[in-house]
2 protein chains.
Amino acid sequence: MSEKKIPYKIYLSEDEIPKAWYNMRADMKNKPAPLLNPGTGKPLTAEELSPIFCDELVAQELDENTPFIDIPDEIRNFYTMYRPSPLVRAYCLEEKLQTPAKIYYKFEGNNTSGSHKLNSAIAQAYYAKKQGLKGVTTETGAGQWGTALSMACSYFGLDCKVYMVKVSYEQKPFRREVMRTYGASVVPSPSETTEVGKKILAEHPGTTGSLGCAISEAVEVATKNPGYRYVLGSVLNQVLLHQSVIGLEAKAAMDKYDIKPDIIIGCAGGGSNLGGLIAPFMGEKLRGEADYRIIAVEPASCPSFTRGKFAYDFCDTGMICPLAKMYTLGSSFIPSANHAGGLRFHGMSSTLSQLYHDGYMEATSVEQTSVFEAAEQFARVEGILPAPESSHAIRAAINEALKCKETGEEKTILFGLTGTGYFDLVAYEKFHNGEMTDEIPTDEQLQASFAKLPKVDA
Amino acid sequence: MSEKKIPYKIYLSEDEIPKAWYNMRADMKNKPAPLLNPGTGKPLTAEELSPIFCDELVAQELDENTPFIDIPDEIRNFYTMYRPSPLVRAYCLEEKLQTPAKIYYKFEGNNTSGSHKLNSAIAQAYYAKKQGLKGVTTETGAGQWGTALSMACSYFGLDCKVYMVKVSYEQKPFRREVMRTYGASVVPSPSETTEVGKKILAEHPGTTGSLGCAISEAVEVATKNPGYRYVLGSVLNQVLLHQSVIGLEAKAAMDKYDIKPDIIIGCAGGGSNLGGLIAPFMGEKLRGEADYRIIAVEPASCPSFTRGKFAYDFCDTGMICPLAKMYTLGSSFIPSANHAGGLRFHGMSSTLSQLYHDGYMEATSVEQTSVFEAAEQFARVEGILPAPESSHAIRAAINEALKCKETGEEKTILFGLTGTGYFDLVAYEKFHNGEMTDEIPTDEQLQASFAKLPKVDA
């Protein structure tokens, strides 16, 4: 360990905000499998993707060879409003746990969207504006992505239509007002405003929705309205690319103090935070320059990595999106009304799925009540009220730190604290009142869902 | 202006967190009038104050001569968890307004309490712990002070009982959950749990409460329970002392870049933020070393400075607290159900009142709808959703910047952005729906309230 005293919060200067995003795929020997056209079963071309996504984002999505992609000045200027984000040494948590482990977290919650989602939202809004579009549509789970996109669209003067997973819409009424403050329109999903929404409602009356449903609705609206494109806050390669700013900053901050993490931990819903946090570290691992234990943490109620199949599947419930090869619970799987709305996705980033499949990372699942125990413990000593999603990573980091306490190992742990829980107080209230439950899918449920996976030879 | 490029956010290092608070009273020729015992009409002694406040805080309250008071290491350690707070150059707001003015704000919202209140909460909890007390009681308006105190008490292992102004309790149910996360108990005020609460409820059935009521209840509970003391989040000299950390940091950051503000603006409820922000600047002004325009901004619905009387009055509605000489609307004045809960206090810090009376600062009042217009404008360009309280300062800062646009003057404006509005979305919703009103007291209302001021010869 370095002799330099490590402050509580390591801040880079604004000049040190990365000038390029890092594209992990460039260093992968086994590239992630391509998106397929569900009609033909063939890899999707840029032409086929361009009615859905902005042209420049399509290019980023398909680019698996360029390691660094320049961040346009307009985006870096916006980043400067809330970045660099702090890398925090969790001295108080270490003391509370009485662990010899050294715990660091990269805190992405100090902006009004409340999470890391803004990193990709501003990039996607920028490219939409550059292409001369009128607006964008999207889905949101916990509401963090929708808020981030509303802020980004407001900044560039774009219209923004958000389909919000119904369970979150109801549990987080205030999120809607934040989005309205930034001029967005918000619809609870599934809704009667789309064909696919009507179909899902007919088949599953009373459903609380899922990210998969909301994606279907947003894609339908984007493709039916001229001048609109769809944008997605997770899963896609382009999103992981933009989110690499998290890991690049974290690594630069650690390098300044000669800190090398032994274990890197991130929560995983679609993979945006995890893929961004680990990017430069995984790059070193892929190039054989360094080794790290990398752990994905998912909710036991929606365990794509730990209990899913590695197979081609639809990204959405309505089965109108491209097919992606990924760890999936099946696009027909609807998780229980878990409060960690942002982790309620049936699938997982193709890039992360390939890396997991190839043994470059581990995965673990944790139960909701134990996640909130960790959240409350963290809040009391570190002073930050964490989002339930982020608290999955806290749970796993505490577990690893407690193992170090048993073995006496002084491991260095880095985890991603993706956001704050100011809009998650309904869930905290349930936890305080002892009304929170751990709902885990049965094997039968999963088998039924796997049986509906599309048949693809690839 | 300096040739150095000024970043968006100026951060001091953790070593640069002030090592001592600055006590403005030491440089005042006309000291603020002493607190009086309402029974005897004589200045209160330390002995008389000690059943209400911790001993060390009593000493700070009465010390009008020591200019700098050391910040104990335990408090500086806690400060390090969320301080130094950034001084932000509002480049985007300037561009939006097309003003030649240079606008800076000291942002105190990047912590879970959501405001500057934590600066004094941790100090007061520390001294209570040091004295071996069991717990503390307090009132809270917007809920920011209560949250801050809950966090501070949790850190030092103290019990925390919070009386929350009923209108805020109802409009901000989630604030209660944050306080519970930190282990506090929260009661809506006025309540049936105290004698004074019962009396107020009998006289004003259906009242939405006020800070004055809540203070009465909290003081009663503290004085009736052994091992408890009362703590207050504003108004008092000790609170302004602790909050001087805001201004000291702001001035240090500005000095680094040779920036000298022409105008300093803060919202004013009881005066904690304003008194803290202006402290070192006012010190220079009092010592004749520099001049600044200093502007207090208050809600038109609760205009203590601009329409109040400079007189001795009770700090609380129940008339059980000491008498303070201050600008007051009368302790029987209950403001309309204004959403800026933190500014709903009938009086004002004695220190600030004396400075205002002696011409060292100005005051202005602004109406609520124009405050929310400014808040939304600010949120869209600066990316931070401001608290309604803070937005009073934003409104005044924008007004000054627009005057500069007319005159072409390149003035430098510094304002305090005291907190975030994540728990104020009910108010934002009313604003979006066009349901927000501006309720301003009539002259008759104020005259009736003034008629009830206590008769004191001083």
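Just so it is clear, the model here is predicted, and its values are computed rather than measured. (Residues numbered from 1 in each chain as written. Chains lettered and ligands numbered in written order. Predicted model: local features only at pLDDT ≥ 70, side-chain atom pairs only at ≥ 80, totals over all residues. Heavy atoms only, no water.)

1. With respect to the overall build of chain A
In step 1: Tallying secondary structure elements over chain A gives 18 helices and 15 strands in all.
In step 2: For chain A, whose C-alpha radius of gyration is 20 Å, the value lies close to the compact-globule estimate of 23 Å for 458 residues.
In step 3: Overall, chain A is about 60 × 50 × 45 Å in size when its C-alpha atoms are taken along their principal axes.
In step 4: Counting contacts in chain A only where the partners sit at least 6 residues apart, residues at least 24 apart contribute 77% of the total.
In step 5: Summed over all atoms, the accessible surface of chain A reaches about 14900 Å², with 49% contributed by carbon and sulfur.
In step 6: Measuring between centres, the 46 positive side-chain charges of chain A sit 1 Å from its 56 negative side-chain charges. (Helix = DSSP H or I, 4+ residues; strand = E, 2+ residues; numbered from the N terminus. Rg over C-alpha atoms; globule rule 2.2 N^0.38 Å. Contact = heavy atoms within 4.5 Å. Areas by Shrake-Rupley, 256 points an atom, 1.4 Å probe, with all protein chains shown as cover. Lys, Arg positive; Asp, Glu negative; His and termini not counted. Charge placed at Lys NZ, Arg CZ, Asp CG, Glu CD.)

2. A short note on the interface of chain A and chain B
The figure often quoted for interface size is the accessible area lost as the parts come together.
In step 1: Taken together, the contacts link 40 residues of chain A with 40 residues of chain B.
In step 2: Buried area between chain A and chain B, both sides added, is near 3900 Å², and the carbon and sulfur share of it is 56%.
In step 3: It is Phe-174, Thr-181 and Tyr-422 of chain A in chain A that bury the most area against chain B; as a group they hold 18% of the surface buried on that side.
In step 4: In this assembly, chain A and chain B are joined by four salt bridges.
In step 5: Residue Arg-176 of chain A is joined to Glu-429 of chain B by a salt bridge in which the shortest nitrogen-to-oxygen separation is 3.2 Å.
In step 6: Linking chain A to chain B there are 25 residue pairs in polar contact (both at pLDDT 80 or more).
In step 7: Taken together, the elements giving at least two residues each to the side of chain A that touches chain B come down to α3 (73-80), α6 (144-156), α8 (173-181), α15 (368-382) and α17 (425-432) of chain A.
In step 8: Here the element with the most residues in the side of chain A that touches chain B is α8 of chain A; it accounts for six residues.
In step 9: Each residue belonging to the side of chain A that touches chain B can be placed in one class, and the counts come to 19 nonpolar, eleven polar and ten charged. (Buried area = accessible area lost by both parts, 1.4 Å probe. Salt bridge = Lys/Arg side-chain N within 4 Å of Asp/Glu carboxyl O. Polar contact = N/O pair within 3.5 Å; in protein donor to acceptor, adjacent residues only side chain to side chain. Nonpolar A, V, L, I, M, F, W, Y, C, P; charged D, E, K, R; others polar.)

3. Observations regarding the relation of the copies chain A and chain B
In step 1: Here chain A sits on chain B after a turn of 180 degrees about the axis and a move of 0.0 Å along it, with an RMSD of 0.0 Å. Between the two chains, the operation in question is that of a two-fold axis.
In step 2: When you check the interface residues of chain A against chain B, 100% turn up at the interface there too, and the contact is symmetric in its surfaces. (Least-squares fit on C-alpha atoms with pLDDT ≥ 70 in both.)

4. Focus on the environment of Asn-225 of chain B
All names here are of chain B.
In step 1: Relative to the assigned elements, Asn-225 resides in the loop between α10 (211-224) and β9 (228-230).
In step 2: The spatial distance from the C-alpha of Asn-225 to the C-alpha of Thr-137 is 10.0 Å, given a sequence separation of 88 residues.
In step 3: Within polar-contact distance, the side chain of Asn-225 engages the backbone oxygen of Val-221 at 2.7 Å.

5. Things to note about the sheet that holds strand β6 (residues 135-140) of chain A
One key point about sheets: their strands pair by backbone hydrogen bonds, in either a parallel or an antiparallel sense.
All names here are of chain A.
In step 1: Pairing is parallel in the open sheet, where four strands are placed in the order β8-β7-β6-β9. With one partner strand each, in any of the chains shown, β8 (185-189) and β9 (228-230) form the two edges of the open sheet. Averaged over all pairs of adjacent strands, the angle between strand axes in this sheet comes to 20 degrees, irrespective of strand direction.
In step 2: The pairing of β6 with strand β7 (residues 159-165) spans six bridges and is classified as parallel. Looking across to β7, one finds that Thr-138 is bridged to Val-162. (Pairing = 2+ DSSP bridges. Axes fitted to C-alpha atoms, helices over the stretch in contact; angles between N-to-C directions.)

6. Focus: the pattern of salt bridges
In step 1: Within the structure shown, the criterion is met by 52 salt bridges over all chains.
In step 2: A salt bridge links Glu-14 of chain B to Lys-9 of chain A; the nearest nitrogen and oxygen atoms lie 3.2 Å apart. Of the two residues, Glu-14 of chain B is situated in the loop between β1 (9-10) and β2 (20-22) and Lys-9 of chain A in strand β1 (residues 9-10); the pairing between them involves two chains.
In step 3: On the accessibility criterion, Glu-14 of chain B (13% relative accessible area) is buried.
In step 4: Note that Arg-176 of chain A is salt-bridged to Glu-177 of chain A, the shortest N-O span being 3.4 Å. For the pair Arg-176 of chain A and Glu-177 of chain A, a shared accessibility class is recorded, and that class is buried. (Buried < 20%, exposed > 50% of the residue type's maximum accessible area, 1.4 Å probe, protein only.)

7. Examining the sheet that holds strand β8 (residues 185-189) of chain B
Residues and elements named next belong to chain B.
In step 1: Spatially, the four strands line up as an open sheet ordered β8-β7-β6-β9, and their pairing is parallel. Bordering the open sheet on either side are β8 and β9, each of which pairs with just one other strand. The average undirected angle you get between the axes of adjacent strands in this sheet is 20 degrees.
In step 2: Packing of helix α8 (residues 173-181) onto the sheet brings it into contact with β6 (135-140), β7 (159-165) and β8, and relative to β7 it is tilted by some 175 degrees.
In step 3: Each of β6, β7, β8 and β9 is contacted by α10, which is oriented at about 170 degrees to β6, the strand it contacts most.

8. Comments concerning α3 of chain A
One turn of an α-helix holds 3.6 residues; hence residues three or four places apart share an orientation.
In step 1: The complete set of buried residues in α3 of chain A reads Ile-75, Arg-76, Phe-78, Tyr-79 and Thr-80 of chain A.
In step 2: Buried positions along α3 of chain A lie against β2 (20-22), α5 (118-130), α6 and α11 (237-256) of chain A together with β1 of chain B.

9. As for the domain arrangement of chain A
Residues and elements named next belong to chain A.
In step 1: What the domain assignment lists for chain A is domain 1 (3-16 + 72-114 + 236-450) and domain 2 (47-66 + 117-230).
In step 2: Spacing between the C-alpha centres of domain 1 and domain 2 amounts to 22 Å.
In step 3: In this complex, domain 1 contributes 45 residues to the contact, which on the side of domain 2 involves 44 residues.
In step 4: Summed over both partners, the interface of domain 1 with domain 2 comes to about 3700 Å²; 60% of that surface belongs to carbon and sulfur atoms.
In step 5: Considering only the side of domain 1, the residues that lose the most area to domain 2 are Phe-78, Ser-113 and Phe-423, jointly responsible for 19% of the buried surface there.
In step 6: For the pair domain 1 and domain 2, the number of links is zero salt bridges.
In step 7: Counting across the interface, domain 1 meets domain 2 through 13 residue pairs in polar contact (both at pLDDT 80 or more).
In step 8: Broken down by secondary-structure element, the contributors of at least two residues to the side of domain 1 that touches domain 2 are α3 and α11.
In step 9: A per-element tally of the side of domain 1 that touches domain 2 places α11 first, with eight residues.
In step 10: The class makeup of the residues in the side of domain 1 that touches domain 2 is 23 nonpolar, 15 polar and seven charged. (Domains from an automatic or database assignment.)

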